[in-house]
Amino acid sequence: MGQYLVRRVLTIIPTLIAISFVIFAVLDLAPGDPTSALPETIRPEVRQQIRKAMGLDEPFPVKYGLWLRQFFVNEPLSLIETAFDIQIGDGEKRLRVTSWGSRGVPVMDMIVERMPQTLWVVGMAYLVAIAIAVPVGVVSAIRQYSIFDQVGTFLSLIGYSIPTFFTGLLMILLFSVKLKWFPMIYDTNLQIVDWNSLVQQLKQIAMPVAVLGFFQAATLARFTRSSMLDNIPMDYVRTATAKGFRERYVVIRHILRNSLIPVVTLIALGIPAIFSGAIITEQIFRVNGLGALLIGAIQLNDIPLVQTVTFIFAFLIVVFNLVADVIYGILDPRIRYS
Amino acid sequence: MMGKNISSLRIIALLLAMAFLLAACPAAAPTGGEGMAADEEMAEEEVMEEESKVLTILYWQAASLPGPYLSGGTKDQDAGAITLEPLANYDPNGTIVPRLAVEIPTIENGGVSEDLMSITWTLKEGLLWSDGSDVTAEDVVFTWQYCSDEATGCTASEAFLGIESVEALDDRTIKITFDSPTPYPYNAFVGANTPIISSVQFADCVGAAAQTCNEQNTAPLGTGPYRIIDFKVNDVAVYERNPHYHGEPTYFDTVIFKGGGDAASAARAVLETGEADYAWNLQVEPDILRDMEAAGLGRVVSAFAGYVERVLINQTNPHSDLGDDRSEYMEGDNPHPFLTFPPIPQAMSMAIDRNLISEQLYGFAGQPTCNVIPAPLHYVSDSNDSCLTQDIDGANALLDENDVLDTDGDGIREYNGVPLKLSYQTSTNSVRQKTQALLRQWWLQIGIETELINHDASVFFGGDPNSPDTYQKFYTDLQMYTTGPTIDPQQHLSNWICEQIPMRENSWGGGNIFRGCSAEFDALFEQLTQTPVGPEREALVKQLNDINVQNNYQIPLVYRGEVSAHLDTLKGVWINGWDSQMWNVGEWHR
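Values in this document were obtained by computation on a predicted structure and should not be read as measured data.

Visitor: Just to check I follow, could you spell out the overall build of chain A for this structure?
Guide: Secondary structure assignment for chain A yields 12 helices and zero strands. Counted from the first residue to the last, chain A has its helices and strands arranged as α-α-α-α-α-α-α-α-α-α-α-α. Along the longest, intermediate and shortest principal axes, the C-alpha atoms of chain A span 80 × 60 × 40 Å. Counting only residues that meet the buried cut, chain A has 38% of its 338 residues in that class. Pairs at least 24 apart in sequence give 69% of the contacts found in chain A among residues at least 6 apart.

If you want it as structure tokens, here you go:
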């Protein structure tokens, strides 16, 4: 296992470098100009100056090399400097990856600023989805074709097929406009210091979490159900039942444990998606998270920001793939990596 | 049994660990925030209001940076305008009002030189930056240097064109020298697109270094009513009352400038839930907006600058038989077969119900107009106002009188044997297509048939010299779009001189899109470029407007504005189309 891990970790490095190159090349080749979002009254000469100021007219290898250096050397150094409050070399002169849309602002600072909102909303939605989906999936499988199963299947179908922008709008109209229960503007600056502010935070994430949670729970519940159904007719289940164990014990100890193996893997693989945020949902509820950051950056042709955010997503996906494999090995003793 | 127990514990432990990770990250978040207990939930809870008076402004496009110099959007300019100030502002009528300056320099008070080569501004006494340091003339000079340095990549450098030097004569006096006589010397340092920045704070941020000044760019010192205490890029900016402000202290303690979302939900947040005090640029269907306003919480307000939706009448022949010569001016040798006969376009203009178009299709964002220069007020001619009433009978009579008759009985009139059939293009946009359909219907009632065409905006306005569908090539009889003058109309009017006619030779580069050439217009325009601001200049602009409209080069339809909304409880809002909508935010109160 240890050797396997080392090998996997080592292969991550060339993979990531290849990914970074592809991302960089695609974005560089793609049409689009960061000055296109500027007012039409600005003359072409001025636009050219702005592009030059952003470093846009350098040749591709230079730009790529600069980004690699900024991202893999300068950014970690800055991170260490701020984390331990020390000075390494000439920190002032070291160029960090900075945004084009908000010139001078380091991209990493923007990402760090967005992280909490995304984790609160999308992360919470994911937890809610798991908490609902697993029990619903289990009961649906055991009581297959019962009323519960039928209703569950119906709701899953609805949850899966209705887009979040629709449920989101519906929620706003009902709970914000008509009932006035929840705010429709997400307050990024809200600090949780006491009971009241916690309640307020829960109120402002309630609607986006419900919308996203419903959507994700639908998928997970279907998956859990079918995984359970795969295991129910197995010989070991019959053996356990024959031994005279109570149904509850058989379901929880035997069927559920085996059925959860693929579900847990699926959950682990879904974690990077939490970080990438839910672009549409964030937009509707004004949660200024990572998804909103990425879409805004794409609209403005803010290439350094798009590059960095996309690369971080790629990194997370690679890492959580590894994590999923490792979890799989831990959960299922039959699988041995060598 | 034992082994199984342990591994099920593992699953639980893993899930718990995941949950903990998710919960732990947000918990660390507030340390990154600011030391203030801003509370946006203020609409309903009056108790909160007593503690802290908060103004919440909603922009559905979030600000990238506060200030106009490194990021050119209105959102950025407006986020800056809450704290940054220019020497003078434009008020909603287009009048220049002093801000940091003592008074507006004119030729009469000696501030503008007789030869129109320089302007001298004087700062108010005792101005302070929001950190308490002194504002001096050097700051103004520095602002010019900062923005005109090519390496800065300044998005507002347009306003400093034609300036040879900016000097500080003493601590409070600034002299701007132009490289040629400039009848309108108020482009630089007037309006929210050229505010003054601190020479001390930005000293190391000139040129290429501007790209690395994170702290300065996101929290510039200002002289305005509020000062920035927190700026989250593309999200939210928080301001507090500026204790060093030169004006009356503000009513609100805190301003929250929140971005993101979409226009319709921004309107809803003000008009239906009252969560925000002010929402900007509500591009929402007029009916929907009216319904929201009916909820009774707030009102919709409109800001007008100079934009006019209008129909351009091709003065040259665009017939496809002409091949490459279609819509070519050819020194006047290729006139349009019937649109250059004045009664025809006159009748077309008379047949239009401009009130209906502006009310039904534009709602709060439109007013009917008969002028191509619709504002500022002192430049607006009133000699064309008769067009505001639709007169189909009059139009028919006018055509009959001039022998433009339907001779073959197909319902379409002919002129010199040519049937009055028109092609009419515009960009693809639901409001524009509805306007087209209305005009087509009215013109049919006076015996003129119209073929409606629309092109995707990126093609129509794209300017690709290889595409036949651009507005510059104008291969149709009529086309419709919006442009408008800036506060001083000279630049806009310069488009309509004969020299500016687009043609093959200049790769369709000119601004005289309708291809109308009038010697009278050119002569008056030449005079305009040498006439300083004053009644004489105003009269000239009105004349130029009238020539353009009365020569039937363009049919103005709707004077277009921008729509915002604010709560009824918010007082002091005076929405401004010429300057930032935030121009008088310091005077807002409840």
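Visitor: Looking at this structure, how should I read the overall build of chain B?
Guide: For chain B, the count of helices and strands is 15 helices and 18 strands. For chain B, the C-alpha atoms occupy an extent of roughly 100 × 80 × 45 Å along the three principal directions. A fraction of 66% describes how many contacts in chain B between residues 6 or more apart in sequence connect residues 24 or more apart.

Visitor: Even after reading the chapter, I still don't get the nonpolar core, so can you show me in this structure?
Guide: With 217 residues, the main nonpolar core has Leu-58, Phe-257, Ala-267, Val-270 and Ala-279 of chain B as its most contacted residues. Ranked by residue count, the leading element in this core is helix H4 (residues 107–142) of chain A, at 19 residues. For Val-270 of chain B, the residues in contact, after removing those within four places along its chain, are Leu-58, Ala-276, Tyr-278, Ala-279, Gly-298, Ala-565, His-566 and Leu-567 of chain B.

Visitor: Help me out: how do you make sense of the sheet that holds strand S5 (residues 163–170) of chain B in this one?
Guide: Sheet strands line up and pair through hydrogen bonds in the backbone, either parallel or antiparallel. Residue and element names in this part refer to chain B. With antiparallel pairing, three strands are arranged side by side in an open sheet as S4-S6-S5. Lying at the two open borders of the sheet, with one neighbouring strand each, are strand S4 (118–122) and S5. Neighbour-to-neighbour, the strand axes of the sheet open up by a mean angle of 20°, direction not taken into account. Two strands pair when backbone bridges link them, and S5 and strand S6 (residues 173–178) are joined in this way by six bridges, in the antiparallel orientation. The residue of S6 that forms the bridge with Ser-165 is Thr-177.

Visitor: What is the right way to look at helix H2 (residues 44–54) of chain A in this model?
Guide: Since the α-helix turns once every 3.6 residues, residues separated by three or four places project in the same direction. Residues and elements named next belong to chain A. Those residues of H2 that sit buried are Val-46, Gln-49, Ile-50, Ala-53 and Met-54. Buried residues of H2 fall within an arc of 135° about the axis and therefore sit on the same side. Structural note: H2 exposes Pro-44 and Glu-45 on the side pointing more than 90 degrees away from its buried face. Of the residues one or two after H2, Gly-55 is the one with positive phi, at around 80°.

Visitor: What should I look at first to understand the environment of Thr-153 of chain A in this one?
Guide: Residue and element names in this part refer to chain A. Along the chain, Thr-153 falls in helix H5 (residues 147–161). For Thr-153, a count of 17 C-beta atoms within 10 Å gives the class partly exposed. Separated by 17 residues in the primary sequence, Thr-153 and Val-136 place their C-alpha atoms 9.7 Å from one another.

Visitor: Mind showing me how you'd approach the confidence of the model for chain B here?
Guide: Regions with low pLDDT carry predicted coordinates that are not meant to be interpreted in detail. Residues and elements named next belong to chain B. When pLDDT is averaged along chain B, the result is 88; 92% of the residues meet or exceed 70. Note that residues 18–49 has pLDDT below 50 and, in this model, 44 contacts with residues that lie over four places away or in other chains. Scored as a complex, the prediction yields pTM 0.83 and ipTM 0.83.

Visitor: Before we go on, may I ask you to explain the environment of Phe-285 of chain A in this structure?
Guide: Residue and element names in this part refer to chain A. Here Phe-285 shows up in the loop between helix H10 (279–284) and helix H11 (290–299). C-alpha separation for the pair Phe-285 and Ala-206, spaced 79 residues apart in sequence, amounts to 10 Å. Apart from residues no more than four positions distant in its own chain, Phe-285 is found in contact with Gly-168, Tyr-186, Met-207 and Pro-208.

Visitor: I tried to follow the packing of H11 of chain A against helix H12 (residues 303–331) of chain A on my own but got confused; where do I start?
Guide: For any two helices packed against each other, one specifies the crossing angle of their axes together with the interaxial distance. Residue and element names in this part refer to chain A. Two numbers describe how H11 lies on H12: the axes approach to 8 Å, and their chain directions differ by 140°. Looking at the two axes, H11 sits oblique to H12. Where H11 crosses over H12, the two elements pack in a sense that is left-handed. Counted together, Leu-290, Leu-293, Leu-294, Ala-297 and Ile-298 of H11 and Leu-305, Val-306 and Val-309 of H12 form the full contact between these two elements.

Visitor: What is the right way to look at the packing of H4 of chain A against helix H9 (residues 247–275) of chain A in this model?
Guide: Residue and element names in this part refer to chain A. At a minimum axis separation of 11 Å, H4 and H9 run at an interaxial angle of 155°. The orientation of H4 relative to H9 falls into the category roughly antiparallel. The chirality of how H4 crosses H9 is right-handed. Counted together, Thr-118, Val-122, Gly-123, Tyr-126, Ile-130, Val-138 and Ile-142 of H4 and Val-251, Leu-256, Ile-267, Ile-274 and Phe-275 of H9 form the full contact between these two elements.

Visitor: So what exactly am I meant to see when it comes to helix H6 (residues 263–271) of chain B here?
Guide: Of all nine residues that make up H6 of chain B, seven are buried, and the element is covered over most of its length. Along H6 of chain B, the residues that are buried comprise Ser-265, Ala-266, Ala-267, Arg-268, Ala-269, Val-270 and Leu-271 of chain B. Its buried side turned inward, H6 of chain B meets helix H6 (164–178) of chain A together with strand S1 (54–59), strand S10 (278–279), helix H7 (286–293), strand S11 (298–313) and strand S18 (554–567) of chain B.

Visitor: It is not clear to me how the pairing of strand S9 (residues 254–259) of chain B should be interpreted in this structure. Could you clarify?
Guide: Walk down a regular strand and you will see the side chains alternate between the two sheet faces. Residue and element names in this part refer to chain B. For S9, the tally of buried residues reaches six of six residues, placing the bulk of the element in the interior. With burial as the criterion, each face of S9 is covered, one bearing Thr-254, Ile-256 and Lys-258 and the other bearing Val-255, Phe-257 and Gly-259. In this sheet, S9 lies alongside S1 in parallel orientation, the contact comprising six bridges. The residue bridging Val-54 from the neighbouring strand is Thr-254, located in S9. Across five bridges, strand S8 (residues 236–241) lies against S9 in antiparallel orientation.

Visitor: How should unusual backbone geometry be read in this particular structure?
Guide: Of note, the bond from Ala-375 of chain B into Pro-376 of chain B is cis; its omega dihedral lies within 30 degrees of zero at -10°. Inspection of the secondary structure puts Pro-376 of chain B in the loop between strand S12 (366–368) and helix H10 (392–401).

Visitor: Honestly, the pairing of strand S16 (residues 449–455) of chain B in this entry has me stumped. Any pointers?
Guide: Residue and element names in this part refer to chain B. Relative to S16, strand S15 (residues 421–427) runs parallel, the two being bridged by seven bridges. Within the sheet, the bridge partner assigned to Leu-422 lies in S16 and is Thr-450. In this fold, the crossover linking S15 to S16 by way of helix H11 (residues 430–445) has right-handed handedness.

Visitor: When you look at the environment of Pro-34 of chain A in this model, what are you seeing that I'm missing?
Guide: All names here are of chain A. Mapped onto the fold, Pro-34 is located in the loop between helix H1 (2–29) and H2. For Pro-34, a count of 20 C-beta atoms within 10 Å gives the class buried. Spatially, the C-alpha atom of Pro-34 lies 9.1 Å from that of Ile-50, the residues being 16 residues apart in sequence. Those residues in contact with Pro-34 that sit more than four places away from it in its chain are Met-54, Trp-100, Leu-300, Asn-301, Asp-302 and Ile-303.

About the criteria used
- Residues numbered from 1 in each chain as written.
- Chains lettered and ligands numbered in written order.
- Predicted model: local features only at pLDDT ≥ 70, side-chain atom pairs only at ≥ 80, totals over all residues.
- Helix = DSSP H or I, 4+ residues; strand = E, 2+ residues; numbered from the N terminus.
- Buried ≥ 20, exposed ≤ 12 C-beta atoms within 10 Å, placed from the backbone.
- Contact = placed C-beta atoms within 7 Å.
- Core = buried A, V, L, I, M, F, W, Y, C linked by C-beta atoms within 7 Å.
- Pairing = 2+ DSSP bridges.
- Axes fitted to C-alpha atoms, helices over the stretch in contact; angles between N-to-C directions.
- Arc of directions from axis to C-beta.
- pLDDT = per-residue confidence, 0-100.
- Parallel < 35°, antiparallel > 145°, perpendicular 65-115°, else oblique.
- Left-handed = near helix turned anticlockwise from the far one by under 90°.
- Right-handed = clockwise from strand over helix to strand, strands pointing away.

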